[in-house]
Amino acid sequence: MKKYLLILLPIFLYSTSFSELIKSVDNNLLVKSKQQQTVALKKLLLAKKAKNYPSIDLKLNAIRLNDTPSSIFHIPGFNSPVPVGTKTNLDAKLSIAYPLFTGFAITKSIEKAKLNIIKSRLETKDLKRKLYLKLAYLYSSIYSLNKAIKASGEAKRAIEKSYKKAEGLYKNGFINISNLYKIEAQKYEIISTMKAYEEQKNSFINDIYYIANINIDVKQLPKFDINIDENRLISKAMKNRADIQAIKTELKIDNNDIALAKSKYYPRLILFGAYKRQGDNLNLNGNGFSNADQSYIGASLSYNIFDGGARQSEKEAIYAKRSARILYFSDYKRVVRKNIKNAISNLKSLKYQIKAAKKQIVAFKSYYNLTKGRFENSLASGDELSRSIADLARAKAKEQNIKAKIFFQKCKISLMINNKCIPRLNKL
């Protein structure tokens, strides 16, 4: 027995550890994948920054000609070819190039790379927020199903007792056989309902395992207090939501793209130089025909005069993209406000519903006790008794289902205003 208790202990420990479940999202494969994308963007930032530094290259060329380069000088009495080069030609060059001015293209590229990193981090936070919301839904649903299974189990035991009582009444001729059939049919309906609950519960447990890599069962819900001041929550959402901050970052990237497009209207100035030696062997001391030292320094200025309107079209496209994003962002914020208002309204409604559900339990319990007594005195049918048992079970399950919905709704509102959902681990 102790062996089985030790095996089951982790499940019961996890049944109250919603905070640990939330923290496990850090190890989710999708989250890790997104984090690796951020790492890749950091490396790209380093590549962009490198363009601000001089480029230094070392180059060695070796060429072996088929014939010795020669030329014929038309001199009276002398018309033989004269060598003007060597078959073997080697040259080595250590060159440096530095973009002195690129129309701010390099600077803006670095800024854009930084913004992409910020955006990726914000997207990772928003991904976590969505996974938290999914886990909260699954967690509360498993709790609700556990309570529904428990209520159905109580109903099954009650109806089995009633069936035994009915058998005695039937044998003594107080009721007919149809009453037994109705009670038995209700029993199998309850069993069927329990099996459906268990199947759905197992499905949700598998979903949690997929997201968090944790096997979990839920016997109680943590306490979760939340302030439902509508204006305050909306204000915090606009300030703290990672998805909203990500869109703001995208708008900054659009501004950066506009600056990059404008940079193409400026000239490019590049300074360059090289230490270069050549020769007909690895000593690079010349080949007897040209200087061994061919080092140089220079500058290159380039400016595009006409490109068929490509730059203008690109700039207009970026402006249009930014305008589209501004409109999308305005609509997105309106949706966030609407969703928060609806969630608060739903939470208030659920609080009224749970009060009604508690009253229903009292009413159905009273009706069940009354019907049970009447049935035992042959004043009520088996059908009435069966329905009273089933109605009481449904009322109990409904109350717990509303309690689970309240917990989930509080988590949802919390995640609508920020990226956290870590309630206190006490019973509701």
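Our subject in this report is the structure included herewith. (Residues numbered from 1 in each chain as written. Predicted model: local features only at pLDDT ≥ 70, side-chain atom pairs only at ≥ 80, totals over all residues. Heavy atoms only, no water.)

### Description of the side chain of lysine 128
Working step 1: Within the secondary structure, lysine 128 sits in helix α4 (residues 105–171).
Working step 2: Exposure remark for lysine 128: the relative accessible area of 18% places this residue in the buried category.
Working step 3: If near-sequence neighbours (up to four positions away) are discounted, lysine 128 is found in contact with Val25, Asp26, Val31 and Gln35. (Helix = DSSP H or I, 4+ residues; strand = E, 2+ residues; numbered from the N terminus. Buried < 20%, exposed > 50% of the residue type's maximum accessible area, 1.4 Å probe, protein only. Contact = heavy atoms within 4.5 Å.)

### Thoughts on the nonpolar core
Working step 1: Counting 29 residues, the largest nonpolar core has Phe18, Leu21, Leu135, Tyr139, Ile208, Leu221 and Phe407 as the members making the most contacts within it.
Working step 2: Listed by contribution, the elements that provide at least two residues to this core are α2 (18–23), α4, α5 (177–212) and α9 (382–417).
Working step 3: Looking at this core, the element that brings in the most residues is α4, giving nine residues.
Working step 4: Judged by nonpolar contacts, the second largest core, of 21 residues, contains Phe329, Val336, Ala357 and Ile417. (Core = buried A, V, L, I, M, F, W, Y, C linked by side-chain atoms within 4.5 Å.)

### Considerations on the sheet that holds strand β6 (residues 268–279)
Working step 1: Spatially, four strands are ordered β1-β4-β6-β7 in an open sheet, and the strand pairing comes out antiparallel. Of all the strands in the sheet, just β1 (55–64) and β7 (296–302) have a single pairing partner and so form its edges. When strand polarity is set aside, the average angle formed by the axes of neighbouring strands in this sheet is 25°.
Working step 2: Bridge count for β1 against strand β4 (residues 88–101) is ten bridges, and the pairing is antiparallel. Residue alanine 62 lies in a different strand from β4, and its bridge partner there is leucine 90. (Pairing = 2+ DSSP bridges. Axes fitted to C-alpha atoms, helices over the stretch in contact; angles between N-to-C directions.)

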